[in-house]
Amino acid sequence: QKMPPSLPATINIREPRWDQSTFQGRAKHFFMVTDPRNLLLSGATLEEARRVVEDYRAGTVHPGLTEDQLWRAKYIYDSAFHPDTGEKMILVGRMSAQVPMNMTITGCMLTFYRTTPAVLFWQWVNQSFNAVVNYTNRSGDAPITPSQLGTAYVSATTGAVVTALGLKSLTKHLPAIIGRYVPFAAVAAANCINIPLMRQRELKLGIPVTDENGNRLGESTAAAQKAIFQVVVSRIGMAAPAMAIPPVIMNMLEKRAFLKRYPYLNAPLQVGLVGLCLVFATPLCCALFPQKSSMPVSSLEPEVQDQIRKKDPWLETVYFNKGL
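If you're wondering where the values come from, they're calculated on a predicted model, not measured in any experiment. The numbering scheme is per chain: residues are counted from 1 as the chain's sequence reads. The model is predicted, so local features are restricted to residues of pLDDT at least 70 and side-chain atom pairs to those at 80 or more, both for listing and for counting; the totals for chains, interfaces and linings are taken over all residues. The side-chain values count all of the structure's non-hydrogen atoms but skip hydrogen atoms and water molecules.

(A) Structural view of the packing of aromatic side chains. Pairs were defined over the aromatic rings of Phe, Tyr and Trp, the Trp ring being its six-membered one, requiring ring centres within 6.5 Å. Orientation was assigned from the angle between planes: stacked under 30 degrees, edge-to-face over 60, tilted for the rest. Across all of its chains, the model carries 5 aromatic pairs by this definition. For the ring pair Phe121 and Trp122, a centre distance of 5.0 Å and an interplane angle of 80° mean the geometry is edge-to-face. Buried residues are those whose accessible area, probed at 1.4 Å on protein chains only, stays under 20% of the maximum for their type, while exposed residues exceed 50% and partly exposed ones sit between those limits. Taking the relative accessible area as the measure of exposure, Trp122 reaches 17% and is therefore buried. Within the aromatic cluster, the residues linked to one another by ring pairs are Phe121, Trp122 and Trp124. Any Lys NZ or Arg CZ that is within 6 Å of a ring centre and within 35 degrees of that ring's normal is treated as a charge sitting over the ring. In this arrangement the basic side chain of Lys292 is found over the ring face of Tyr319, its NZ or CZ atom lying 5.0 Å from the centre.

Written out as structure tokens, the structure reads:
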């Protein structure tokens, strides 16, 4: 039997498989990254994928390895290991956990929004989850101290709860449908607090910027600001369909005899609707901005510009991992 031809060692698996300069390419990439089935993979499968990827990067091609198998290994590796540090990420913090976790939490936030204790509890659960995700998917290889972690977590949770309770009291005399949108407003406000605070070290010290080939040129706080802004927009966009569409549908269904007869179906229905929205909204909103984001050298801080000009006077654009 003839052996298949050996795979060339020149495929660039440091970059995604699809063209990241187009929205379609980024969407295909993030449908792979956020695939919830990756959570079911065993430790042995993850280690095998890591071995294939690291060996290939080092120039060793496993016999019989096909291009599809190589890309599959790369996406398994990316789903579980941090792109900058290489460490295995916490299970619930991985992007593949976004849909099942957010579906459950958001569904419950939208179902149990009528009482103050329920609002408090589910906003706290949501911010605890967000804190884990933001920490797990931080940009760069910078460590974050327990005190910074604690400050970000407490501030975001307080922000979300204050927003939710404040809006809840304002909407008492408004139509019921308005009250259903309180959780979304609270989540949007919390994202604006949580992400910058979780990544405050990047705002103070900067994130690594590189040239097109990945050579590190320095750390920039201007790049960190752009990265964090893009992530906040993506996260709010991600939550919008899941928190905007189900309330309208549930409002209509609750007026029908079916839900009045089987009120216990309210939460499962809500969670299912949210899940359906998130399966599409999560990868599509992650794809709004390129993961390997870029900015002109002229937009960086003067001292970083000087540093880069000394290394490469003609360089016009730098790149950085925006985080997720």
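(B) Molecular detail of the UniProt feature "transmembrane region" (unreviewed entry) in the protein chain. UniProt positions are given in the numbering used here, feature names are shortened, and annotations may be inferred rather than shown by experiment. The UniProt record annotates "transmembrane region" (unreviewed entry) at residues 227-249 and 269-289. Numbering goes from the N terminus for both helices and strands, where a helix is a DSSP run of H or I of at least four residues and a strand is a run of E of at least two. The distance from the first to the last C-alpha atom of residues 269-289 is 32 Å, and the span holds 86% helix and 0% strand.

(C) Geometry of the domain arrangement of the protein chain. The domains assigned to the protein chain are domain 1 (23-88) and domain 2 (95-279). The source of the domain bounds is an automatic or database domain assignment. The C-alpha centroid of domain 2 is placed 27 Å from the C-alpha centroid of domain 1. The contact criterion used throughout is that any non-hydrogen atoms of two residues lie within 4.5 Å. Contacts between domain 1 and domain 2 engage 12 residues on the former and 12 residues on the latter. Both sides of the domain 1 and domain 2 interface together cover about 860 Å² of buried area, and 58% of this is carbon and sulfur. Here a salt bridge means any side-chain nitrogen of Lys or Arg lying within 4 Å of a carboxyl oxygen belonging to Asp or Glu. The interface formed by domain 1 and domain 2 contains 0 salt bridges. Any pair of nitrogen or oxygen atoms within 3.5 Å is treated as a polar contact; in protein, a donor-acceptor pairing is required on top of that, and neighbouring residues in sequence qualify only through side-chain atoms on both sides. Seen at the junction of domain 1 and domain 2, the total is 0 residue pairs in polar contact (both at pLDDT 80 or more). Only Asp, Glu, Lys and Arg are considered charged in this grouping, and only Ala, Val, Leu, Ile, Met, Phe, Trp, Tyr, Cys and Pro are considered nonpolar; every other residue, Gly among them, is considered polar. Of the residues that constitute the side of domain 1 that touches domain 2, the class distribution is 4 nonpolar, 5 polar and 3 charged. Accessible area that two parts lose when put together, with a 1.4 Å probe and added across both, is what the buried area reports.

(D) Spotlight on the side chain of Gln127. You can see Gln127 is positioned in helix α5 (residues 116-136). Excluding its chain neighbours within four sequence positions, the residues that come into contact with Gln127 are Tyr153, Ala156, Thr157, Ala160, Ala190 and Asn194.

(E) Spotlight on the pattern of salt bridges. Tallying each qualifying case throughout the model produces 8 salt bridges. The partner of Arg17 in a salt bridge is Asp68, with the nearest N and O atoms 2.8 Å apart. In this pair, Arg17 sits in the segment before α1 (23-33) while Asp68 sits in helix α3 (residues 67-80), placing the two residues 51 residues apart along the sequence. Of the residues examined, Arg17 reaches a relative accessible area of 35% and is grouped as partly exposed. Residue classification places Asp68 among the exposed residues on the basis of a relative accessible area of 52%. A salt bridge links Glu219 to Arg216; its shortest N-O distance comes to 2.8 Å.

(F) Highlighting a nonpolar patch on the surface. Where nonpolar side chains cluster on the molecular surface, the patch consists of Phe23, Phe31, Leu276, Val279, Phe280, Leu284 and Leu288 and spans about 610 Å² of accessible area. Secondary-structure elements contributing two or more residues to the nonpolar patch are α1 and α12 (266-286). The biggest single contributor to the nonpolar patch is α12, with 4 residues. Counting through the fold element by element, Leu288 comes out in the loop between α12 and β3 (292-296). Grouping into patches uses exposed residues only, defined as over 30% relative accessible area, and leaves out salt-bridged ones; the cut-off is 9 Å for like charges and 5 Å for nonpolar side chains (Val, Leu, Ile, Met, Phe, Trp, Tyr). Only the protein chains shown count as cover for residues, with accessible areas throughout obtained via the Shrake-Rupley method and a probe of 1.4 Å.

(G) Structural context of helix α13 (residues 302-311). Along α13, the positions that sit buried rather than exposed are Val304, Gln305 and Ile308. Down the axis of α13, the buried side of the element spans an arc of 100°, and every buried residue falls inside it. Opposite its buried face, α13 presents the exposed residues Pro302, Glu303 and Lys310, each directed more than 90 degrees away. An arc is given here, and it is the one of the directions from the helix axis to the C-beta atoms.

(H) Representation of the nonpolar core in the model. Ranked by internal contacts, the top residues of the largest apolar core, which has 26 residues, are Leu7, Ile11, Ile13, Phe30, Tyr56, Leu70 and Cys286. Going through the elements one at a time, α1, α2 (43-57), α3 and α12 are the ones with two or more residues in this core. Val99, Ile105, Val125 and Val133 belong to the second largest nonpolar core, which has 16 residues in total. Within this scheme, the nonpolar core is defined by two criteria: the residues are buried Ala, Val, Leu, Ile, Met, Phe, Trp, Tyr or Cys, and they are joined through side-chain atoms within 4.5 Å.

(I) Structural detail: the state of the cysteines. To count as a disulfide, a pair of cysteine sulfur atoms needs to be within 2.5 Å. Under the defined criterion, the tally for this structure stands at 0 disulfides. Residue Cys108 stays outside any disulfide, its sulfur separated by 16 Å from that of Cys277, the closest cysteine. Free of any disulfide, Cys277 has its nearest cysteine sulfur in Cys285, 11 Å distant. Among the residues examined, Cys277 registers a relative accessible area of 15% and is labelled buried.

(J) Structural detail: the pairing of β3. What you see with β3 is a clean split: Ser293 and Met295 sit on the buried side and Lys292, Ser294 and Pro296 on the side with no burial. A strand pair is defined by DSSP finding two or more bridges across the two strands. Where β3 lies against strand β4 (residues 317-321), 5 bridges are found, and the strand directions are antiparallel. Following the sheet pairing, Ser294 is matched in β4 by Tyr319.

(K) Structural context of the packing of helix α4 (residues 98-111) against helix α10 (residues 221-253). Between N-to-C directions, angles span 0 to 180 degrees; the directions come from axes that are lines fitted to C-alpha atoms, helices contributing only their stretch in contact. With their axes 11 Å apart at the nearest point, α4 and α10 run at an angle of 40° to one another. Classified by the angle between their axes, α4 and α10 sit oblique to one another. With respect to the hand of their crossing, α4 and α10 are arranged in right-handed fashion. Along its contact with α4, which presents Gln98, Thr106, Met109 and Leu110, the element α10 presents Met238, Ala242, Met243, Pro246 and Pro247. Its residues placed into classes, the contact of α4 with α10 shows 7 nonpolar, 2 polar and no charged. For this classification, under 35 degrees means roughly parallel, over 145 means roughly antiparallel, 65 to 115 means roughly perpendicular, and everything else is oblique. Whether a crossing is left-handed or right-handed is set by the direction in which the near helix is turned from the far one by less than a right angle, anticlockwise for left-handed and clockwise for right-handed.

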